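Spelled out, the chains give:
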Amino acid sequence: MAPSINSQQRWRGVYRYLERTGPFANEGFEPGEKVKDFLHTIKVLVVGAGGLGCELLKDLALTGFTDIHVIDMDTIDISNLNRQFLFRAADLGKPKAEVAADFVMKRVPGCKITPYFGKIQDKDEEYYSQFTIIICGLDSVEARRWMNATVINMYDEDDPETLKPIIDGGTEGFKGQSRIILPHFTACYECSLDMQTKPTTYPMCTIANTPRLPEHCIEWASVLEWPRTFPDKKLDGDDPEHIKWLLDQASARARQYDITGVTYSLTQGVVKNIIPAIASTNAIVAASCATEAFKIATNCATYMSNYMMYVGEQGVYTYTFELQKKDDCPVCGAVAIKIDVPANSTLQDLIDLLMERKDIRLKAPSLRTGSGSLYMQAPRALRDATAPNLVKPLRELLEDGGEITVTDQALPISMNVTVRFSD
Amino acid sequence: MSIADSKTQKYDRQLRLWHAHGQAALERSKVCLLNGSGVGTEIVKNLILPGIGSLVVVDSAIVSDSDLGENFFVTPAHVGQPRAKAVSDLLLELNGDVHGDYLQEDPEAMIERSPEFFKQFTLVIATQISGKSLRRLADICWEQDVALIIVQAHGLVGYARIQVREHTIVESHPEQIVDLRFDSPFPALAAFADSFDLDAMDSLAHSHMPYIILLLKALNTWKQSHNAALPSNRDEREEFKQLVRTQERKEPGVENLNFEEALASAYRAWTPTTIPSSIQSILDDTRAAENLTPDTPDFWIIARAVRDFVANEGHGLLPLPGTVPDMHSDTESYVNLQTIYRTKARQDAAAVAARVTELVALAGRAERPIALDEIDRFCKNAAFVKVLRYRSFAEESDPRTAEAKTIGNALASDPRDNAAWYVALRAGEECKEHLGRWPGEPDSTSGHEVDVESDAAVLRDAIATYLAARGLPTDAVSNDHVVEFVRAAGANLHVTAALLGGVVSQEAIKLLTRQYVPIDNTVVFDGVRSVASVYRL
């Protein structure tokens, strides 16, 4: 049995900040027992138990948070072990959320961590509303958009309890970023969507006709040859046999065109869109997120405002600045987003624009007006019924300045768009 | 091209950053951690995971309850036991490939009594050491040419300082390496450009001509009417672009992506190929020029070979990197271009390698040749190699040689600059030597309440003294910083330890792999504003 721990000693550093105030304390900070109790009892959520998630669980547990939930849909892979330090070779294949929670609970007695092995979309508003702070260590734009929209949509201005700060981190190699989102008060993830670089894609004609790089040969193998050869088998980037098959195909094509540089590592990198990752950068970004969680939970210091970029390749460089909220943000904005198109462009043209625009980026939008459906992706019957609209010019479907409601699998909410005819 | 072995799989995500030779360098390194503190364990955790060679922890502390709130590598079961053993057991468990040991010794006593102990390490990381012991340690590492990183966490503020005599970098990993020699095409390149007749091409071939060819041809035409000179002013450059445009065919339905690229890259055509001044000064450096000995590092032997190459076969230019950026093109023209640049790059590298072989013999180390891979990498990165010569901690600590202006200017331009924390830390350490505790910290022996006001006054005086000794205004550090520093009172927060753990381990990896560029020489992180600043002190 573990001996009893003197909590005044254990939390000596944290309490030093909570027992006295100072010039850099946040407005409303009240030192004393109450703020300590608050820190030790509130419920926080960590989204993702990967590189950032492992660090976050450790950092939060050692900051005095005792009721932490963690959600992750992945299982442990060998390539995680160079940084996801709560996992060992014996854990390969096990759910990340569960192994991570067990490890930290064993190491830091008194901290309760509740894991959920599954998707963020499995949970509803009732689940997310139990947390005081939500901290995200995710690796995809899609998951971040979903979390952001869900949490922002939960806010009810008559009930301050519904305001859930989101702290979000991300890394790539020696670079990383952290940010704070206070729904409806600061910029949300969607407000700054155009800052995200789209993943590298190669034009289909290059892949099919004029390959120049080893990447073009690999894309040819995975995008064209795989579905042609195995129409019923889904390509799995984690299956070495699949990668080996792609490697052989891509190598043959590369030889044919005198292109060099197709390797196993590159093939896997291109197919899985692998982003380099190291423990150090995860530590920096997660610690920055946990520092902000500590400040938000206690008000012991002013918050970061509100975005930090860390670049470590050439020396050390941080750029910390306030991202601006957008009035016409589809998720947190007060006004509908405006799109200008020629009146005789088709509904399909409008849909293409909604998918391409860097600040909107939808996947498969469905559109309707107050009076009826313009185009619906599902159910099938409705899609077939509305498909003829796709080729119709917009002026036959809408008034100039008319408002349409757009829904999409990329967003858990709908967005309003004002369509203006530019001619 | 086989399926990766398990070690390659485990390290896949980092090998994409520093490759097998960077990993090999990391695995050769021997790291010493002084004090298994919260910040110390966080740093070495991030070095054990990617696989350094070995770690030795030196620490005489006994695990206490306060460690449990700061340090992830101790458990309640360790309370009352030596911290050196506890942390090294739990750290080494992270990666079976890393060897490790611990010494249950007081680091300050080691510094005092066994300076030769530090000689065996590639890197020493000093945490929770200050004052006289720290200065002595820095002197020892300087004399023995061992890299040192000094780390200090204080509340929400983090500080780290690198001291190395000389750090050379071949692969600094610039965003891109582009050297296409438009102004001075080598014969094979010029002949290749001449082999195309743009007017005689069908539209498909014309719309797939790589922009390198388009620009080479346009520049050739330009030079004929301009006495072989490059477009050198705004008007001429606009005229040159116009010349490129005259070759474009406006046909309906044809996208001229190659011409768009040519115009966007036109500046490359009129920018003369030169040796950057930072590289010239490396080639001119006495270490490259002086008599070579068996101990001359590989970097300087290759630098000397490159210098001689430039003066002879290179005709005043660096070895060609040989990479061609992707561009709109048909496959054949692009691959041919790649081959032409690569062949020239191989010839250049071979010429440098021949010189290296001679120099190695001259240096009296013919039995230890330099690997061709290493020479190739140098040639490919020749325009981006770097030499960092650090100032010693002794120079920084002595007011007569301190870079006081750097601090003074930073504070004069912004009173909230992180330089304020640097001064507070230095002065705070002085106070700690006298008081036996940080200003604002309760006295652990007497248990008396601290008088925050009087501690703030003590710190304020120490700061004024520190500034005055360096010729800076004594009120350069704001009272807010003094009061907040006393509030933090040396608090060890895990979040700051973890943040510094990340920052310092990144720097350590850059030093140990000799890739990317470490800071020169001090970084201060303010966890309130979330801002890092770098100073050369």
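Residues numbered from 1 in each chain as written. Chains lettered and ligands numbered in written order. Predicted model: local features only at pLDDT ≥ 70, side-chain atom pairs only at ≥ 80, totals over all residues. Heavy atoms only, no water.

An account of the UniProt feature "domain: E2 binding" (unreviewed entry) in chain A is requested, with residue identities and associated values reported.
This chain's UniProt record puts "domain: E2 binding" (unreviewed entry) on residues 339-422 of chain A. Secondary structure content for residues 339-422 of chain A is 25% helix and 35% strand, while the C-alpha to C-alpha distance between its ends is 9 Å. (UniProt positions renumbered as here; feature names shortened; annotations may be inferred. Helix = DSSP H or I, 4+ residues; strand = E, 2+ residues; numbered from the N terminus.)

Could you give an account of the sheet that holds strand E2 (residues 54-58) of chain B, with specific residues and numbers?
Each strand in a sheet pairs with its neighbour through backbone hydrogen bonds, running either in the same direction (parallel) or in the opposite one (antiparallel). Residues and elements named next belong to chain B. On the basis of which strands lie adjacent, the open sheet formed by 8 strands has the order E3-E2-E1-E4-E5-E6-E9-E10 and mixed pairing. Only two strands of the sheet have a single neighbouring strand rather than two, namely strand E3 (99-103) and strand E10 (531-535). Strand-to-strand twist in this sheet, taken as the mean axis angle between neighbours without regard to direction, amounts to 15°. Alignment of E2 against E3, held across 5 bridges, turns out to be parallel. By the bridge assignment for E3, Val57 is matched with Tyr102. (Pairing = 2+ DSSP bridges. Axes fitted to C-alpha atoms, helices over the stretch in contact; angles between N-to-C directions.)

An account of the pairing of strand E5 (residues 166-172) of chain A is requested, with residue identities and associated values reported.
Residue and element names in this part refer to chain A. Among the 7 residues in E5, 5 count as buried, and that is most of the element. Both strand E4 (residues 133-137) and E5 contribute to a ladder of 4 bridges, which runs parallel. What sits directly across from Cys136, in E5, is Asp168. On the question of chirality, the crossover connecting E4 to the parallel E5 by way of helix H7 (residues 141-153) is right-handed. With 7 bridges joining them, E5 and strand E6 (residues 175-181) adopt antiparallel strand pairing. Residue pairing across strands places Asp168 opposite Arg179, the latter belonging to E6. Between E5 and E6, which follow one another and run antiparallel, lie 2 residues, and Gly173 among them has a positive phi close to 60°. (Buried < 20%, exposed > 50% of the residue type's maximum accessible area, 1.4 Å probe, protein only. Right-handed = clockwise from strand over helix to strand, strands pointing away.)

I'd like a rundown of a negative patch on the surface, residues and numbers included.
All names here are of chain B. A cluster of acidic residues, Glu105, Asp106, Glu108, Glu430 and Glu433, forms a negative patch at the surface. For Glu105, the position within the fold is in the loop between E3 and helix H6 (107-113). Here Glu105 falls in the partly exposed class, since its relative accessible area comes to 33%. (Patch = residues over 30% accessible without salt bridge, like charges linked within 9 Å, V, L, I, M, F, W, Y side chains within 5 Å. Areas by Shrake-Rupley, 256 points an atom, 1.4 Å probe, with all protein chains shown as cover. Salt bridge = Lys/Arg side-chain N within 4 Å of Asp/Glu carboxyl O. Lys, Arg positive; Asp, Glu negative; His and termini not counted. Charge placed at Lys NZ, Arg CZ, Asp CG, Glu CD.)

If you had to explain the packing of helix H17 (residues 331-362) of chain B against helix H18 (residues 372-380) of chain B to someone new, which residues and values would you point to?
Residues and elements named next belong to chain B. It is the contact of H17 with H18, at a shortest axis distance of 10 Å, that shows an interaxial angle of 125°. The pairing of H17 with H18 is recorded here as oblique in orientation. Crossing of H17 against H18: the hand is right-handed. Taken together, the residues of H18 that come into contact with H17 (itself represented by Ala349, Val352, Ala353 and Val356) are Leu372, Ile375, Asp376 and Cys379. (Parallel < 35°, antiparallel > 145°, perpendicular 65-115°, else oblique. Left-handed = near helix turned anticlockwise from the far one by under 90°. Contact = heavy atoms within 4.5 Å.)

Describe in detail the pattern of salt bridges, supporting the description with residues and values.
Summed over all chains, the structure comprises 52 salt bridges over all chains. Between Arg357(A) and Asp359(A) there is a salt bridge, with the nearest N and O atoms lying 3.1 Å from each other. Using a relative accessible area of 16% as the deciding quantity, one classes Asp359(A) as buried. A salt bridge links Arg389(B) to Glu166(B), with the nearest nitrogen and oxygen atoms 3.0 Å apart. Within this pair, whereas Arg389(B) is found in the loop between strand E8 (386-388) and helix H19 (393-397), its partner Glu166(B) is found in the loop between strand E6 (157-163) and strand E7 (167-169), the two being separated by 223 residues in sequence.

Summarise helix H11 (residues 264-272) of chain A; cite the residues concerned and give the values.
Residues Tyr264(A), Thr267(A), Gln268(A), Gly269(A) and Val270(A) constitute the buried set of H11(A). Elements in contact with the buried residues of H11(A): helix H9 (214-229) and helix H10 (240-256) of chain A together with helix H2 (12-28) of chain B. After H11(A) finishes, the residue Asn273(A) shows a positive phi value of roughly 50°.

I'd love a proper account of the interface of chain A and chain B, names of residues and values included.
Counting residues at the interface gives 91 residues for chain A and 92 residues for chain B. In total, about 7400 Å² of surface goes out of reach between chain A and chain B, with carbon and sulfur atoms giving 60% of it. At the junction of chain A and chain B, the tally comes to 5 salt bridges. Ionic pairing is found between Arg12(A) and Glu70(B), a salt bridge with its closest N-O pair at 3.6 Å. Broken down by element, the side of chain A that touches chain B gets its largest block of residues, 12 residues, from helix H12 (residues 279-298) of chain A. (Buried area = accessible area lost by both parts, 1.4 Å probe.)

Tell me about the packing of aromatic side chains, and name the residues and values.
On inspection of all chains with the given rule, the structure shows 25 aromatic pairs over all chains. Pairing Phe72(B) with Phe73(B) gives two aromatic rings, centres 5.6 Å apart and planes at 85°, and the pair type is edge-to-face. Residue class for Phe72(B) comes out buried when judged on its relative accessible area of 1%. In this structure, Lys123(A) is placed above the aromatic ring of Tyr127(A), and the distance from its NZ or CZ to the ring centre is 4.6 Å. (Phe/Tyr/Trp six-rings, centres within 6.5 Å; stacked < 30°, edge-to-face > 60°. Lys NZ or Arg CZ within 6 Å of the ring centre and 35° of its normal.)

Describe the domain arrangement of chain B, and please don't skip the residues or the numbers.
The domain architecture assigned to chain B consists of domain 1 (3-165 + 493-535), domain 2 (187-270), domain 3 (277-327 + 336-388) and domain 4 (402-488). Here domain 3 of chain B and domain 4 of chain B have C-alpha centroids that lie 49 Å from each other. (Domains from an automatic or database assignment.)

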